[in-house]
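Chain by chain, the residues:
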Amino acid sequence: MEQKHFEVIIVGGSYSGLSAAMSLGRALRQVLVIDSGLPCNRQTPYSHNFITQDGEKPAVISAKAKLQVDIYKTVQFYNGLAIKALKTEKGFEIETESGEIFTARKVLFATGVKDLLPEIEGFADCWGISVLHCPYCHGYEVKNEKTAIIANGEMGFEFAKLISNWTKDLRLCTNGKSELTLEQKQILKNHGVLILEEEINSINHNEGYVSDIVFKNGEKVDVKAIYARVPFEQHCKLPQDLGCEINEQGYLKVDFMQKTTIPGIFGSGDATTQMRSVALAVSSGSFAGAVINKELIDEDFK
């Protein structure tokens, strides 16, 4: 690329980053979107709960979005991985894996998170297909089906309460000794939730669609869907390298204007919130773009 300086660099070109790019492109800003092409939902077959796009394939949504953003000629795309970031006197410097360096007055990180999947055979193959993280995104498609939850303690209790809205045929797999209180166990029992404390050995499936859970004692339970909350880490460490704070939950700390704790650096999408959905990623990206544009205007008028 010949152009090296931009007003805004967006690191992450999925739903939130593309939404911010559209907002800034329509504001006539010189924008570079750097994206490595690895969205966290790349294995998910269908996206739901996003009006006008309900049931569409995630890759189709992002491809259509990129085509629409590409109309705005002040927005450019770079396919690659951002590996270094520095604060400069005039803004920020971003270096890519291939050694190219780009500069900008403002940076938006829309880089998402990386799920840390348990070492249960078959889990990764089913993740995003029939092993699910969000009932609002996928619960309708498996409503009233035989369903399991892999969780324990307070999280398991609250997750079981939530999922019982979509199905009553529910079992909570604690994957080892239960950490539920006696009161929690009784409440779940009263609502028909079966608690299984055996350690899980594997998940049997057919091309990502679960058929049953196999426990280490050899027993099996057949299910059509599994819900799980897994730990995660930030997909991109560059905000932390620049001094941005991470909150107690592990998300990039932003205020109500999508500003991080470092002036000039913004965050949006899954990297900043536990409410992981395409619709909310698009919303936060669009808003972040508008806030960045206003900040640039205010600086130019000083």
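The structure we're discussing is the one just above.
Throughout this description, residue numbers start from 1 for each chain and increase along the sequence as written. Only residues with pLDDT of 70 or above have their local features reported here, since the model is predicted, and side-chain atom pairs are shown and tallied only from 80 upward, although totals for entire chains, interfaces and linings are computed over all residues. The side-chain figures draw on all heavy atoms in the structure; neither hydrogens nor water molecules are used.

Caption draft 1: Representation of the overall build of the chain within the structure. Scanning the chain for helices and strands turns up 8 helices and 17 strands. Here the C-alpha atoms of the chain give a radius of gyration of 22 Å, agreeing with the 19 Å that 2.2 N^0.38 yields for 302 residues. Over its C-alpha atoms, taken along the principal directions, the chain stretches across nearly 65 × 35 × 35 Å. Each of the 302 residues in the chain was classed as buried or not, and the buried ones make up 48%. Accessibility throughout is a Shrake-Rupley quantity obtained with a 1.4 Å probe, and a residue counts as covered only by protein chains that appear here. Surface accessibility of the chain: about 15600 Å² in total, with carbon and sulfur atoms responsible for 52%. A helix here means a DSSP run of H or I that spans at least four residues, while a strand means a run of E at least two residues long, and both kinds are numbered starting from the N terminus. Here the radius of gyration uses the C-alpha set of atoms, whereas the globule reference equals 2.2 Å times the residue count to the power 0.38. Three exposure classes are used, based on accessible area relative to the maximum for each residue type with a 1.4 Å probe and protein chains only: buried under 20%, partly exposed in between, and exposed over 50%.

Caption draft 2: Representation of the sheet that holds strand β14 (residues 220-222) within the structure. Pairing in this open sheet of 3 strands is antiparallel, and the strands run β12-β13-β14 from one edge to the other. Lying at the two open borders of the sheet, with one neighbouring strand each, are β12 (200-206) and β14. Neighbour to neighbour, the strand axes of the sheet diverge by 25 degrees on average, direction disregarded. Of the strand pairs in this sheet, strand β13 (residues 209-215) and β14 are connected by 3 bridges, and their pairing is antiparallel. Paired with V214 across the two strands is K220, which belongs to β14. Being paired, for any two strands, means DSSP has found at least two bridges between them. The axes used here are C-alpha line fits, helices contributing only the stretch in contact, and every angle between their N-to-C directions lies in the interval 0 to 180 degrees.

Caption draft 3: A look at the sheet that holds strand β15 (residues 225-228). Taken in spatial order, the 5 strands of this open sheet run β8-β15-β9-β10-β11, and their pairing is parallel. Edge positions in the sheet fall to β8 (131-132) and β11 (194-196), since each has one partner strand and no second. Note: strand β9 (residues 147-150) against strand β10 (residues 170-173), 4 bridges, orientation parallel. Bridge pairing in β10 places I149 opposite L172. Where helix α5 (residues 153-163) meets the sheet, its contacts fall on β9, β10 and β15, and the angle it forms with β9 comes to roughly 155 degrees. Working rule for contacts: check all heavy atoms of both residues, and any pair within 4.5 Å makes them a contact.

Caption draft 4: The arrangement of the packing of helix α1 (residues 15-26) against helix α2 (residues 58-69) in detail. In the contact formed by α1 and α2, the axes pass within 10 Å of each other and the chain directions differ by 20 degrees. When the axis of α1 is compared with that of α2, the two are roughly parallel. Pair α1 / α2 crosses with left-handed handedness. Residues Y15, L18, A21 and M22 of α1 form the contact with α2, whose participating residues are P58, A59, I61, S62, A65, K66, Q68 and V69. An angle below 35 degrees is treated as roughly parallel, one above 145 as roughly antiparallel, one from 65 to 115 as roughly perpendicular, and anything else as oblique. Working rule for handedness: look at the near helix, and if it is turned counterclockwise from the far one by less than a right angle, call the crossing left-handed; if clockwise, right-handed.

Caption draft 5: Summary view of the nonpolar core. In plain words, nonpolar cores are sets of buried Ala, Val, Leu, Ile, Met, Phe, Trp, Tyr and Cys residues tied together by side-chain atoms within 4.5 Å. In terms of nonpolar packing, the biggest core is built from 20 residues, with I9, L32, I34, I94, F102 and F109 touching the most fellow members. Among the elements that line this core, the one with the most residues is strand β6 (residues 101-109), at 4 residues. Beyond its immediate chain neighbours, meaning those up to four positions away, I34 contacts I9, I10, V11, G12, G13, Y78, G80, A82, I94, T96 and F102.

Caption draft 6: Representation of α1 in the model. A helix is expected to span 1.5 Å for every residue after the first. Between its terminal C-alpha atoms α1 stretches 17 Å, which fits the 16 Å expected from 12 residues at 1.5 Å a residue. Within α1, 10 of the 12 residues are buried, which leaves it mostly tucked inside the rest of the structure. Taken together, the buried residues of α1 touch β1 (5-11), β2 (31-35), α2, β3 (75-79), β6 and α8 (278-300).

Caption draft 7: Main features of the environment of H48. Residue placement: H48 occurs in the loop between β2 and α2. A C-alpha to C-alpha distance of 5.2 Å links H48 and C137, two positions 89 residues apart in sequence. Setting aside anything within four residues of it in sequence, one finds H48 in contact with D54, G55, C137, H138 and E141. One polar contact links H48 to D54, side chain to side chain, over a distance of 3.1 Å. Here a polar contact is taken to be a pair of N or O atoms separated by no more than 3.5 Å, where protein atoms must pair a possible hydrogen donor with a possible acceptor and residues adjacent in sequence count only if both atoms sit in side chains. Side-chain polar atoms of H48 contact the backbone nitrogen of G55, separated by 3.5 Å.

Caption draft 8: Fine view of the pattern of salt bridges. Salt bridge criterion: a side-chain nitrogen from Lys or Arg within 4 Å of a carboxyl oxygen from Asp or Glu. For the structure shown, the criterion picks out 16 salt bridges. Residues D222 and K146 are paired through a salt bridge, measuring 3.3 Å at the closest nitrogen-oxygen approach. A residue pair is termed long-range when its members are at least 10 positions apart, and D222 in strand β14 and K146 in the loop between α4 (135-138) and β9 qualify at 76 residues. For D222, a relative accessible area of 42% corresponds to the partly exposed category. Linking R276 and D270 is a salt bridge whose minimum nitrogen-to-oxygen distance equals 3.8 Å. For R276, a relative accessible area of 15% gives the class buried. Accessibility expressed as a relative area gives 14% for D270, which makes it buried. Counted as one network, the salt bridges with shared partners bring together R105, K106, K259, E295, E299 and D300.

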